[in-house]
Amino acid sequence: MSNPATPPRSLAEALRAKDDASLAVLLRARPDLITPVPTDLTQLATRAGTRASVLRALERLDRFALQTAEALAVAGDPASYGELLGLMAGDGGDPLVAAALPRALGTLRDQALVWGDDDRLRLVRTTREVLAPSPQYPSPTGLGPTVREATSGMSPGRIQEIVTTAGLPSTHDPVSAADALGRLFGHRKKMAKLLAAAPAESREVLSRLVWGPPYGQVTPEPAAHLRWLLDRGLLLPTGPGTVVLPREVALHLREGRAHREPEPVPPAVEPTATHRPQVVDATAAGQAYTALATVEELLKDWDEGGPTVLRAGGLSVRDLKRTAVALDLPEPVAAFWVELAYAAGLLASDGEADERYAATPAYDEWVDRPPAERWAQLAQAWLTATRASGLVGGRDAKDRALSALGPGLDRSAAPEVRHRVLTLLAGLPEGTAPAAASVLARLRWERPLRGPQQRDDDLRGRLARWTLSEAELLGVTGRGALSAHGRALLGAPPLEPSADKGQEATGPGDKLPVHHHRPAAVLEPLSPPEQAVAAAAAGRLLAPLLPAPLDHVLLQADLTAVAPGPLQRPLADALGVLADVESKGGATVYRFTPASVRRALDAGRTATDLHAFLGTHSRTPVPQPLAYLIDDVARKHGHLRVGAASAYVRCDDDTVLNEIMADKRAAALRLRRLAPTVLATQADPATLLEGLRAMGYAPAAESAEGDVLITRAHAHRTPPRTAPEPVPDGPPPPDGTLLTAAIRAIRAGDLAATTPRKPAGTAVQGGELPRTTPAETLATMQAAVLTGGTLWIGYVNAEGTASQRVIAPIRVEGGFVTAYDHTADEVRTYPLHRVTGVAELAED
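Residues numbered from 1 in each chain as written. Predicted model: local features only at pLDDT ≥ 70, side-chain atom pairs only at ≥ 80, totals over all residues. Heavy atoms only, no water.

Novice: Sorry, what's going on with the pairing of strand β4 (residues 236-239) here?
Specialist: The two faces of the sheet receive side chains in turn, since in a regular strand these alternate between them. Of the pairings in the sheet, the one linking β4 to strand β5 (residues 242-244) comprises three bridges and is antiparallel in character. Each bridged residue has a counterpart across the sheet, and for L236 the counterpart in β5 is V244. Here β4 hands over to β5 after two residues, with G241 in that stretch at a positive phi of 75 degrees. (Pairing = 2+ DSSP bridges. Helix = DSSP H or I, 4+ residues; strand = E, 2+ residues; numbered from the N terminus.)

Novice: Looking at this structure, how should I read the pattern of salt bridges?
Specialist: Where side chains of opposite charge bring their charged atoms close, a pairing between them can arise. Under the criterion given, the structure shown has 35 salt bridges. Of the charged contacts, one joins D118 and R109 as a salt bridge, the two residues approaching to 2.7 Å between their closest N and O atoms. The exposure class assigned to D118 is partly exposed, which follows from its relative accessible area of 40%. By relative accessible area, which is 22% here, R109 ends up partly exposed. With its nearest N and O atoms 3.6 Å apart, the salt bridge here joins E149 to R247. Taken together, the positions of E149 in helix α9 (residues 147-150) and R247 in helix α15 (residues 247-253) put the pair 98 residues apart, joining distant regions of the chain. When its relative accessible area of 7% is taken as the criterion, R247 is described as buried. Salt bridges sharing partners connect three or more residues here, namely R158, E161, R227 and D231. (Salt bridge = Lys/Arg side-chain N within 4 Å of Asp/Glu carboxyl O. Buried < 20%, exposed > 50% of the residue type's maximum accessible area, 1.4 Å probe, protein only.)

Novice: Any chance you could explain the sheet that holds β5 here in plain terms?
Specialist: Strand-to-strand pairing in sheets goes through backbone hydrogen bonds, with the strands running parallel or antiparallel. Read from one edge of the open sheet, three strands run β3-β5-β4, paired in antiparallel fashion. Each of the sheet's edge strands pairs with one partner strand only, and the pair in question is β3 (215-217) and β4. Taking each pair of neighbouring strands and ignoring which way they run, the sheet shows an average axis angle of 40 degrees. (Axes fitted to C-alpha atoms, helices over the stretch in contact; angles between N-to-C directions.)

Novice: For this particular structure, what's the right way to read helix α29 (residues 607-617)?
Specialist: In an α-helix, one full turn covers 3.6 residues, which means residues spaced three or four apart are oriented alike. Among all positions in α29, only A607, L610, F613 and L614 are buried. Around the axis of α29, the buried residues are gathered within 125 degrees of arc, so they sit on the same side. Exposed and facing more than 90 degrees away from the buried side of α29 are T608 and T616. Looking at the buried residues of α29, the elements they touch are β12 (554-556), α27 (569-578), α28 (594-602) and α30 (624-636). (Arc of directions from axis to C-beta. Contact = heavy atoms within 4.5 Å.)

Novice: Honestly, the packing of helix α10 (residues 156-165) against helix α14 (residues 224-231) in this entry has me stumped. Any pointers?
Specialist: In a pair of packed helices, the angle between the axes and the distance between the axes together describe the arrangement. Where α10 meets α14, the closest approach of the two axes is 8 Å, and the angle between their N-to-C directions is 100 degrees. Classified by the angle between their axes, α10 and α14 sit roughly perpendicular to one another. From α10, R158, E161, I162 and T165 reach across to α14, where they touch R227, L230 and D231. Here the contact of α10 with α14 is composed, by residue class, of two nonpolar, one polar and four charged. (Parallel < 35°, antiparallel > 145°, perpendicular 65-115°, else oblique. Nonpolar A, V, L, I, M, F, W, Y, C, P; charged D, E, K, R; others polar.)

Novice: Would you take a moment to explain the nonpolar core for this structure?
Specialist: Soluble globular proteins tend to pack their nonpolar side chains together in the buried interior. In this structure, W375, L378, W382, L474 and V476 are the most contacted members of the largest nonpolar core, which totals 72 residues. Aside from chain neighbours lying at most four places away, what touches W382 is F336, L340, R418, L422, T467, E470, A471, L474 and V476. (Core = buried A, V, L, I, M, F, W, Y, C linked by side-chain atoms within 4.5 Å.)

Novice: Hey, could you run me through the pairing of strand β22 (residues 802-813) in this one?
Specialist: Judged from the six bridges that link them, strand β21 (residues 791-796) and β22 form a sheet pairing that is antiparallel. Pairing of L791 across the sheet is with I807, part of β22. A loop of five residues connects β21 with β22, the two strands running antiparallel in sequence, and G800 in this loop sits at a positive phi of about 90 degrees. Bridge count for β22 against strand β23 (residues 816-821) is six bridges, and the pairing is antiparallel. Across the sheet, residue R811 finds its bridge partner in β23, namely T818. Counting the residues that bridge the hairpin from β22 to β23 gives two residues, and of these G814 lies at a positive phi of roughly 60 degrees.

Given below as structure tokens:
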């Protein structure tokens, strides 16, 4: 074990000096480090330095913490806190940078990317390799290599020429010559004097390279102003025709700053308008009701079996267009509702040979629940889903089209971005709508992009824009501001009432009132059980804002019915059969037509039933034209009977059949008379029914027994399906129980690996298990029982996993040793044949 007063010599020693709370912070921030749980702290440190883990950790740093790591990558190794502060704040200093630097450095230490005391700060080696400048991958700071690095392949004679031209004493050692040149470039006064003598064209060249990239091209015969720089080492050759600006020179020209614009403070989320909270909640509730109606209409449209599943999975472009037309929505919005129904488990493929999409049995349960509970289920599914409907219509990495409900739409960052966007909205004053650009700027600060390929594909920015629009569609926000039930969906407590709740909406240029609000950084993502509780609470807040279902409509003389609000489900279902929806909105308009009335009669209703139904549910008298329409269609309905011959038509009134035969429109049906009251055709009954209805008749289908067939829509359902599981971005953050167990196991393994042991006959290398013969193992165990000593053993369990243990034997009998296990902090019994060896611990 290292002395706490001694500076750590490695990352493993630095981790060993941390307490359990600090280790928990590390493992919570980097859960990949405990998948699986390391055997000891040395293995944990090794895993923390792997390239994949380091890259994952760097991607989760905020911009200033990443800038701090980038500055350490171009500083000395090790670097002092003062040197780091100089690189971040420059020669002139910056109070904001000075105030924020301890937090950023603490973040890097907490995530095991930096270790060491303030006078000896060290980046983990892999982190330095990723962030340090190189010709292939220039540093994000725009700085190039140091003088020593740039001159490593230069001939000693050329280095001496540069040193002499720069006014330094010559030396035969190229390393000391390079160091002297580096010290000259790092000396502010001497460097200023050297540059003061430079030609104006030379200073112009330096100004173009100072902020990066630091590499440039020169001809075999450079111009005089370039030759002046090359002769003094202010530009150093890195290859044929390529030169680089040394890091020390660039830092002098930058006045000591590693970054052009350090960003110690996150950009604020700017408001654009504010509204009364009641207006926001009412608007969001209206959108929530529309969301429920849209999902219900979508699945009702697919009730008898939806579109077929593509061979590669998903909806075809044609089927998506048809769905968008049926919902009267743009295709991207229709794709969103389709994906939301799928994420909520209401929609899936039926798995048949001719595979189609259809509603799941869960839809029937969902549709019978209260509206607020239905909305809560949709909102929870949206917030946690990893599928991104905004990608529909795009191309994947293999240039394949991305289709709705198809593979390739999962983006593991989607739930995090949605939660973070809503959290930023929750941090604004109540009723305030943010500027979308400021939300995107804040997200870019919190998770800055690294590399040109990531800048070209700003997935987090696109997810944020989609989140703002989807939250409005779903009713989580209203007029761009987070609603009360949207706040509850995040698990945030309700806001305290403010004195200016009656403030009217303002425009972008008006001064916004100050409201009490909760800092956004406090809201952490919820666990699945917590999310379910939060969604239920959001539903309870939404319930009073949703319109109550109505039990009546208003019939009008133009053969329409107006539903002034949402209808009770039995009324809506019956009216949907009897009439066609003409327009939707706050009030729904239904239109009665001969075809819609015939549809109700085909479903088994009689004219008397329809008159009674309308009379019961209309607040206005049944208009005479509507009553006549029902009676007229009912009188004709079933007068003609169509059955299977292939198909036939029979009618007791032969004059009607004569009219049909004389009608030119019947030529396509190729009818022929079998009897005065019977016509036959080769067409199937369905085609014959449609043909006669197109001619203005109202035929009824009949069974083989001559009974009228009652046709009702057949609801097609998939087998029971579960909602799709989100695709996580690496291992999930561990909970408290797992963290406690993991830290205890790591500490136990580290104790066994680092406890001093007495010298043995056979040398044991670090990390190896002790090896002794069975007789030596038994004798040492028995001696420890008598003396009360503590032993170090190697043990292989039944699964073949080897570990090191520190035990105090209590008794040895029957081939087993019972001992107090210091690494597990409990009494255990071990079979002696699984003990690989034993060694006594040193007294100190």
